[in-house]
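Chain by chain, the residues run as shown.
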Amino acid sequence: MQGPLQNLEQWDEFVQERYDPNRKTEEFRNYEKATPGVREFYRLNHANQTREFALAKKKQYCGLNTSKMAIWEALEYLNTLVDDSDPDTDLSQIEHNLQTAEAIRRDGHPDWFQLTGLVHDLGKVLWLWGEPQWAVVGDTFPTGCAYSDKIVFHEFFAENPDSRNPAYQTQLGVYEKGGGLDQVDMSWGHDEFFYHIAKEYLPEPALYMLRYHSFYPGHREGAYDYLMNDHDREMFQWVKTFNPYDLYSKSASKPDPKELKPYYQGLINKYFPSQVAF
Ligand code: FE
Ligand code: FE
């Protein structure tokens, strides 16, 4: 695999560690445990995710002209993302998506919520199409306005050309106060991409979960409240409800895709067409 991370899950694992509920508060802002690979990954992400880059990727991918796949087929395709992680301890992509969905299902949440768990990371197919790791995963943030110091490793933004553009470095930058997140161009990654794929098909709370699940500065740190409107704040309750299923649903027993497929195929058929534009 190309890039500073050994595999894409290294980013997810770093986030899990940062938000470990058993973590002592004094350790909270101590990222020293981050491996050199993780640090380098964030350096590249913060240096290269300019507003121009985010807008160009939206233009390139959000017309959904790259591929057509069935949802289950996309899960299996994502699973070809072979990495050099330890197969005994690490979950494959399909296992992580299924485990998230199963934890949501166990808690009795509605079927569309379970399905959201199943598909939430499908945007990572970007990596299989040759996008660098820093443009697929990583904590997301608004582009075109001042960087919050709540963003992990925010010091690396000094290397981002946007940090030298005064128009982008006021609190609101190119946006209006309270104008809502829909006006905001987030840094590019799997969240924004899959939101565009799913937006015709899933209910609004699901779309917020898909679009903002990596926006840790927003849903965990309370940053950028001045860009949100009341509707965003209401919908972010769903993003917050979703987050623990993404972070903490890892269990010793791996879900069996073969056994679970009939149930989830039923949910897929209910909400998505047989072929979906990516
Ligand atoms: Fe994700
Ligand atoms: Fe995930």
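Undergrad: It is not clear to me how the overall build of the chain should be interpreted in this structure. Could you clarify?
TA: Each helix and strand in the chain was counted, giving 12 helices and two strands. Moving toward the C terminus, one meets the helices and strands of the chain in the order α-α-α-β-α-α-α-α-α-α-α-α-α-β. The C-alpha atoms of the chain give a radius of gyration of 18 Å, which matches the 19 Å a tight globule of 278 residues would have. By its C-alpha atoms, the chain is 55 × 40 × 35 Å across when sized along the principal axes. For the chain, buried positions account for 42% of its 278 residues. Summarising the internal contacts of the chain: among those between residues at least 6 apart in sequence, 78% fall at separations of at least 24.

Undergrad: Help me understand helix 4 (residues 71-78), please; the structure alone is not making it clear to me.
TA: The α-helix winds at 3.6 residues per turn, so residues separated by three or four positions along the chain end up facing the same way. Within the sequence span of helix 4, burial applies to Ile-71, Ala-74, Leu-75 and Leu-78. For helix 4, the buried positions fall inside an angular range of 105° around the axis, keeping them on one side. In this fold, the buried residues of helix 4 make contact with strand 1 (68-69), helix 5 (93-106), helix 6 (111-119), helix 7 (125-128), helix 12 (257-271) and strand 2 (276-277).

Undergrad: Would you mind showing me how to read unusual backbone geometry here?
TA: Of all residues except glycine, most have a negative phi; of all peptide bonds, most are trans. With a phi angle near 55°, Leu-64 is a residue other than glycine that sits in the positive phi range. Relative to the helices and strands, Leu-64 is located in the loop between helix 3 (51-61) and strand 1. Taking the C-beta count within 10 Å as the criterion, Leu-64 has 14 such neighbours and is therefore assigned partly exposed.

Undergrad: Hey, could you run me through the packing of helix 4 against helix 5 in this one?
TA: The geometry of a pair of packed helices is captured by two quantities: the angle between their axes and the separation between those axes. Orientation of helix 4 relative to helix 5, taken along the N-to-C sense of each, is 130°, at an axis distance of 7 Å. Judged by the angle between their axes, helix 4 and helix 5 are oblique. Packed against helix 4, whose contacting residues are Leu-75, Glu-76 and Leu-78, the element helix 5 presents Gln-93, Ile-94 and Asn-97 at the interface. Considering only residue class, the contact of helix 4 with helix 5 consists of three nonpolar, two polar and one charged.

About the criteria used
- Residues numbered from 1 in each chain as written.
- Chains lettered and ligands numbered in written order.
- Predicted model: local features only at pLDDT ≥ 70, side-chain atom pairs only at ≥ 80, totals over all residues.
- Helix = DSSP H or I, 4+ residues; strand = E, 2+ residues; numbered from the N terminus.
- Rg over C-alpha atoms; globule rule 2.2 N^0.38 Å.
- Buried ≥ 20, exposed ≤ 12 C-beta atoms within 10 Å, placed from the backbone.
- Contact = placed C-beta atoms within 7 Å.
- Arc of directions from axis to C-beta.
- Axes fitted to C-alpha atoms, helices over the stretch in contact; angles between N-to-C directions.
- Parallel < 35°, antiparallel > 145°, perpendicular 65-115°, else oblique.
- Nonpolar A, V, L, I, M, F, W, Y, C, P; charged D, E, K, R; others polar.

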